[in-house]
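A closer look at the structure
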Amino acid sequence: MARVLLYYAHPGHRHSHVNKEMFRAANAVEGITIVDLYAEYPRHNIRVDVEQERLVSHDVILFQHPLFWYSTPGLIKDWIDLTLQSGFAYGDGGDKLAGKVLMQAITAAGPEDAYRADGYQNFPLRTFLTPMEQTARLCKMRYAAPYALYSSLKAPTEGALAPHVAGYTDLLNALRDDRYDFDAAPEVVTSDNLSLKEGV
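Reading the values: the criteria
Sequence order as written defines the numbering, with residues in each chain counted from 1. In view of the model being predicted, local features appear only for residues whose pLDDT reaches at least 70, and side-chain atom pairs are presented and counted only at 80 or more, with totals across whole chains, interfaces and linings using the full set of residues. Each side-chain value is derived from all of the structure's non-hydrogen atoms; neither hydrogens nor water enter the calculation. Only DSSP runs of H or I covering at least 4 residues are called helices, and only runs of E covering at least 2 are called strands; the numbering of each starts at the N terminus. For this measure, only C-alpha atoms enter the radius of gyration; the expected value for a globule follows 2.2 Å times N^0.38, where N is the number of residues. Buried residues are those whose accessible area, probed at 1.4 Å on protein chains only, stays under 20% of the maximum for their type, while exposed residues exceed 50% and partly exposed ones sit between those limits. Contacts between residues were defined by any pair of non-hydrogen atoms, one from each residue, lying within 4.5 Å. Of all possible arcs, the one meant is that of the directions from the helix axis to the C-beta atoms. Throughout this description, the term nonpolar core refers to a set of buried Ala, Val, Leu, Ile, Met, Phe, Trp, Tyr and Cys residues connected via side-chain atoms within 4.5 Å.

1. What to know about the overall build of the protein chain
Check the secondary structure of the protein chain and you find seven helices and six strands. Secondary structure of the protein chain in N-to-C order comes out as β-α-β-α-α-β-α-β-α-α-β-β-α. Taking 200 residues into account, the globule formula puts the C-alpha radius of gyration at 16 Å, and the protein chain, at 16 Å, falls close to it. Dimensions of the protein chain, computed from C-alpha atoms along their principal axes, come out at roughly 50 × 40 × 35 Å. A burial count over the protein chain gives 51% of its 200 residues as buried. Long-range pairs, those at least 24 residues apart, make up 72% of the contacts in the protein chain with a sequence separation of at least 6.

This is the structure:
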């Protein structure tokens, strides 16, 4: 079994519809560690030693968050700036995260067809996640394709919320049980294309 660490970051949690339900479902999954970053660090006073210990003791690091202005919420950036120090995550002797997996579970307000060259966002969704992907590479981690929901604001009224949350639960269980096929995953993972290992 893999040790899964889920970081949840949503500054507007109480107003959320999709992420709140995903977070609730995640808390019902046994055997994973869950940290609500905004609840734990409301003033962004990140305890670096605690976070580094968490990272070292887990195999899969998953950040769940909405896409904020084509990036992560600010607390995740602060967390990265402070926690992933030279000598720990990169640089001379910085190999503590080598071989671990970094993944994101994100919600995007725009529809899927907006995230392409001829769409109004002009770029694929993965392009906006490049800084996190390169962060993983610098830290000698594997960046796994993100689990995403497009048109997230309409999801509750268009019947997309329940399948997405169910898929998220399946994903978390598969990550924990080493049943997730990272190699077979598409560029962006959704509830319709989860890649699970057969016969496991």
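2. Remarks on helix α3 (residues 48-56)
Helical geometry: 3.6 residues make up each α-helical turn, so side chains three or four residues apart lie on a common side. Listing the buried residues of α3 in full gives V48, E51, Q52, R54 and L55. One side of α3 holds all its buried residues, which, seen down the axis, span an arc of 155 degrees. The exposed set on the far side of α3, more than 90 degrees from its buried face, consists of D49 and E53. The inward-facing, buried residues of α3 contact β1 (4-8), β2 (32-36), α2 (37-40), β3 (60-66) and α4 (74-83).

3. Points about the nonpolar core
Generally speaking, a soluble globular protein has its nonpolar side chains buried in company with each other. Y7, L37, L55, F63 and W79 are the most contacted members of the largest nonpolar core, which totals 36 residues. For this core, the secondary-structure elements that each account for two or more residues are β1, α2, β3, α4, β4 (101-107), α5 (125-128) and α6 (130-138). Here the element with the most residues in this core is α4; it accounts for four residues. Listed in part, the 30 residues of the second largest apolar core include A26, Y147, V165 and L194.

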